[in-house]
Amino acid sequence: MIRSIIIGVLALGLIATSYWGYTEHEQNALLANNVEAGYQRAFHTLVYHVDQLEDDLGAVLAMNTKRHISPKLADIWRVTSHAQSEIGQLPLGMMEIHEAEKFLHDLGDFSYKTSIRDLETDPLTDEEYDTLTHLYEMSTDVRNELRKAQASLLSNNMLWMDIDQEFQALDEPLDNTVINGFETVNEKVTGYRETEWGAGFSQMDAFNDEDLAERLNGEKINEEEARQKALEFIGIDGNVEVQVSQTGEGLAYTAYSLTIDDPNHETNYFMDITESGGHVLWFLQYREIVEQNISLNEAAENAKDFLERNGIEGMQLIESKQYDSIGAFEFAYLEDNVRVYADHIVIEVALDDGDVIAYEAEDYLLNHKDDRDIAEPNITKEEARDHLNGKLDVMEDHLAIIVNDLGEEVLCYEFYGVINNDTYRIFINAEDGQEELVEKLDNAEPVYDLA
């Protein structure tokens, strides 16, 4: 009898210990997934912001109106602060990247100092234009190196945590495409360390989560409802593992962070859904994409179908790009044949099987509304063209609404044109003919040879 009791107690102890171990393992796995998701998002957002730096620097060089150079330089200053923050979120303490960090810091300083100057009475000098030209060329080099690192990360399904652990386990430098890419960036910008660019600056936030919190509507959802919405949104059928945790620390709204198993590709989706209304803010899947099996046009149709299936209607494809075996698509809301750029969504599609692997809709959730009062243009399209840079060869035009420097929506004529071998998108105010915005668009993306 006593022997049976002892055996029973031991069995219960073993079960309890096993359950504790299993629970501990699950918690550690969830923590690791969240950490890796943070690394991945910081890196891919860093690459996006370096893309934006190149485009903004190119736009400054193409601008014809001095009063809009200052706001664009202020944008560059803000983007550099975000890029610095994202570098700080990556496990790069293992390597020397001081020159790259200093380059971003000095670029921000130069942009800030120049943006607060009255360029009408004290315009940019020839030397400053030369500096901007060199910075533009340098940003192109940095962008290409980071894009190559990104292509390697995605094609080889690499994890930042694995790279970090491997580096720390070695006594010699790690031969890794991602790490090598950052080291090459560091070397390329070394030549700019003697440039005198001015004083420091303070960081600014581009995304106002308090405004988003005011726009979120609908009943609050619980964790199980968030799980169901996530699976329906991505389009996953069947019983798959989903880990859900509540987030929102430091934000004006609360949301759920989800890690969703994808058994078809032996990887995970990562997603944020708001608690109020169950709105999907973003999701991301990083996995190996071996080869391209569908065209960019087919992928664009998949992206459109994805939006319609999830009840997001009236969106028009305004730009498409290809990075290695991934198609990236930018959509804007179309109202009365006017593009509303504030209502903006970005989707990425894998070109091996056509699955949507990334979605970002914070701008759309923040700005979308159905009751805009769109006025008639005060000037004609031909009159608007007279305000363009004379060197621009216009290829296409549209009516569009953009947000100006004061945060106000303005109706514009949107012109696509070419100067030399670069393509630009220029917005002319449809009320007074003023140049509102100039953007340099990406040229065809190179396919990187990773062999």
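These figures come from a predicted structure and were not determined experimentally.

Criteria and thresholds
Throughout this document, residue positions are counted from 1 along each chain, in the order its sequence is written. Residues qualify for local features only when their pLDDT is at least 70, as the model is predicted, and side-chain atom pairs are given and counted only at 80 or more; totals for whole chains, interfaces and linings, by contrast, use all residues. With hydrogens and water stripped out, all remaining heavy atoms of the structure feed into the side-chain values. Each helix is a run of H or I in the DSSP string that is no shorter than four residues. Each strand is a run of E no shorter than two, and both are numbered from the N terminus. The contact rule is simple, with two residues in contact once any of their heavy atoms fall within 4.5 Å. Shrake-Rupley sampling with a 1.4 Å probe provides the accessible areas, and residues are treated as covered by the protein chains on show and by no other component. Scored between 0 and 100, pLDDT is the confidence that the predictor attaches to each residue. The pocket and cavity definitions rest on a 1 Å grid over protein atoms only: a 1.4 Å probe that fits but cannot leave marks a cavity, an open set with protein on both sides within 12 Å along at least five of seven lines marks a pocket, and residues lining either have an atom within 4 Å of a point. Grid points are joined across faces, edges and corners, and a volume is the space filled by probe spheres set on the points. Polarity classes work like this: nonpolar for Ala, Val, Leu, Ile, Met, Phe, Trp, Tyr, Cys and Pro, charged for Asp, Glu, Lys and Arg, and polar for all others, with Gly in that last group. Working rule for helices: expected span equals 1.5 Å times residues minus one. Throughout, exposure labels follow a simple rule: accessible area from a 1.4 Å probe, protein chains only, divided by the maximum for the residue type, with under 20% read as buried, over 50% as exposed, and the rest as partly exposed. By construction, the arc corresponds to the directions joining the helix axis to the C-beta atoms. Two N or O atoms count as a polar contact when they lie within 3.5 Å, although within protein this holds only if one can serve as hydrogen donor and the other as acceptor, and sequence-adjacent residues are included solely when both atoms are side-chain atoms. For two strands to count as paired, DSSP must find a minimum of two bridges between them. We define a nonpolar core as any set of buried Ala, Val, Leu, Ile, Met, Phe, Trp, Tyr and Cys residues linked to one another through side-chain atoms lying within 4.5 Å. One speaks of a salt bridge when a side-chain nitrogen belonging to Lys or Arg is within 4 Å of a carboxyl oxygen belonging to Asp or Glu. Within 6.5 Å between ring centres, the rings of Phe, Tyr and Trp (the latter by its six-membered ring) count as paired, and their orientation is classed by plane angle as stacked under 30 degrees, edge-to-face over 60, tilted in between.

Novice: Please clarify how the overall build of the protein chain should be interpreted in this entry.
Specialist: Along the protein chain, the regular secondary structure elements total 11 helices and 12 strands. Counting contacts in the protein chain only where the partners sit at least 6 residues apart, residues at least 24 apart contribute 63% of the total. Looking at the protein chain as shown, the accessible area adds up to about 22,800 Å², and 46% of this sits on carbon and sulfur atoms.

Novice: How should the confidence of the model for the protein chain be read in this particular structure?
Specialist: When pLDDT is averaged along the protein chain, the result is 78; 78% of the residues meet or exceed 70. Per-residue pLDDT, averaged within each element of the protein chain, yields its smallest value for helix α1 (residues 2–62) (69) and its largest for helix α9 (residues 296–309) (96). Low pLDDT, under 50, characterises residues 193–207; the stretch is placed with 36 contacts to residues that sit more than four places away or in other chains. Per-residue pLDDT stays below 50 along residues 444–451; that stretch engages in 14 contacts with residues further than four places along the chain or on separate chains.

Novice: Looking at this structure, I do not really get empty space enclosed by the protein. What am I missing?
Specialist: The rolling of a water-molecule-sized probe over the atoms marks out the regions of remaining empty space. Scanning the model with the defined rule gives 2 cavities of 30 Å³ or more in all. Lining the largest cavity we find 14 residues, and of these Val 50, Leu 104, Val 142, Leu 146 and Val 185 sit closest to its centre. Across the lining of the largest cavity, the residue classes break down as 13 nonpolar, 1 polar and no charged.

Novice: Got a minute to help me understand unusual backbone geometry in this structure?
Specialist: Comment: phi is negative for the bulk of residues other than glycine, and the bulk of peptide bonds are trans. At Asp 336, a residue that is not glycine, the phi angle is positive and equals roughly 55 degrees. Tracing the backbone through its elements, the reader meets Asp 336 in the loop between β6 (326–335) and β7 (338–350). The backbone phi angle of Asn 420 is positive, close to 55 degrees, even though this residue is not glycine. Structurally, Asn 420 can be placed in the loop between β10 (409–419) and β11 (422–429).

Novice: Help me understand the layout of surface pockets, please; the structure alone is not making it clear to me.
Specialist: Of the voids in this model, the second largest pocket is the one considered here, and its volume is about 410 Å³. For the second largest pocket, the lining is made up of 16 residues, of which His 279, Val 280, Ile 312, Tyr 364 and Leu 365 are closest to its centre. In terms of residue count, helix α8 (residues 223–234) provides more of the lining of the second largest pocket than any other element does, 3 residues in total. Among the residues forming the lining of the second largest pocket, the class breakdown is 7 nonpolar, 6 polar and 3 charged.

Novice: Explain α8 here, please?
Specialist: Side chains of residues three or four places apart in an α-helix project in the same direction, reflecting 3.6 residues per turn. Between the first and last C-alpha of α8 there are 17 Å, a value that for 12 residues agrees with the 16 Å anticipated at 1.5 Å per step. Three or more residues of α8 are buried, namely Ala 226, Arg 227, Ala 230, Leu 231, Phe 233 and Ile 234. All buried residues of α8 fall inside an arc of 165 degrees around its axis, so they share one side. Check the buried side of α8 and you find it contacts β1 (242–247), β2 (255–262), β3 (267–274), β4 (280–285), α9 and β8 (356–360). Its side-chain oxygen at 3.2 Å from the backbone nitrogen of Glu 224, Asn 222 defines the N-terminal cap of α8.

Novice: Help me out: how do you make sense of the pairing of β8 in this one?
Specialist: Along any regular strand, the residues point their side chains to alternate faces of the sheet. Burial analysis of β8 places 4 of its 5 residues in the buried class, the great majority of the element. Two strands pair when backbone bridges link them, and β4 and β8 are joined in this way by 3 bridges, in the antiparallel orientation. Of the residues in β8, the one forming a bridge with Leu 284 is Ala 358. Pairing analysis gives 4 bridges linking β7 to β8, with the strands arranged antiparallel. Each bridged residue has a counterpart across the sheet, and for Ile 347 the counterpart in β8 is Tyr 359. With antiparallel pairing between neighbouring strands as the criterion, β7 and β8 make up a hairpin whose turn holds 5 residues, including Gly 354 at a positive phi of roughly 80 degrees.

Novice: Sorry, what's going on with the nonpolar core here?
Specialist: Generally speaking, nonpolar side chains in soluble globular proteins are found buried as a group. Of all hydrophobic cores here, the largest spans 107 residues; its most connected members are Leu 258, Ile 260, Met 271, Phe 283, Ile 345, Ile 347 and Tyr 359. Ranked by residue count, the leading element in this core is α1, at 12 residues. Excluding residues that lie within four positions of it along the chain, Tyr 359 makes contacts with Phe 233, Val 280, Leu 281, Trp 282, Phe 283, Phe 306, Leu 307, Ile 312, Ile 345, Val 346 and Ile 347. If you look at the next biggest cluster of nonpolar residues, it comprises 10 residues, including Tyr 341, Cys 412, Tyr 416 and Leu 441.

Novice: What is the right way to read helix α2 (residues 69–88) from this model?
Specialist: In a regular helix each residue adds 1.5 Å, so 20 residues correspond to 28 Å; α2 covers 29 Å between its end C-alpha atoms and thus fits that length. Of all the 20 residues making up α2, 15 are buried; the element is thus mostly covered by neighbouring parts of the structure.

Novice: Would you mind showing me how to read the pattern of salt bridges here?
Specialist: Two side chains carrying opposite charge are able to pair once their charged atoms lie near each other. Here the structure, examined in full by the defined rule, presents 13 salt bridges. Of the charged contacts, one joins Asp 51 and Arg 143 as a salt bridge, the two residues approaching to 2.9 Å between their closest N and O atoms. Linking Asp 51 in helix α1 with Arg 143 in helix α4 (residues 126–155), this pair joins segments that are 92 residues apart in sequence. Judged on exposure class, the residue Asp 51 and its partner Arg 143 are both buried. Residues participating in the shared-partner salt-bridge network are Asp 51, Glu 54, Arg 143 and Arg 147.

Novice: What is the right way to read the packing of aromatic side chains from this model?
Specialist: By convention here, two paired aromatic rings are described through the distance between centres and the angle between planes. This model, assessed by the stated rule, comprises 9 aromatic pairs. Within the aromatic cluster, the residues linked to one another by ring pairs are Phe 233, Tyr 269, Phe 283, Phe 306 and Tyr 359.

Novice: Whenever I open this one, the environment of Ile 347 confuses me. Can you help?
Specialist: One can find Ile 347 in strand β7. Residue Ile 347 is classed as buried on the basis of its relative accessible area of 0%. When the C-alpha atoms of Ile 347 and Lys 304 are compared, they prove to be 9.3 Å apart, with 43 residues separating the residues in sequence.

Novice: What should I look at first to understand the environment of Gly 88 in this one?
Specialist: Assignment of secondary structure puts Gly 88 in helix α2. When the C-alpha positions of Gly 88 and Glu 101 are compared, they lie 9.4 Å apart, and in sequence the two are 13 residues distant.

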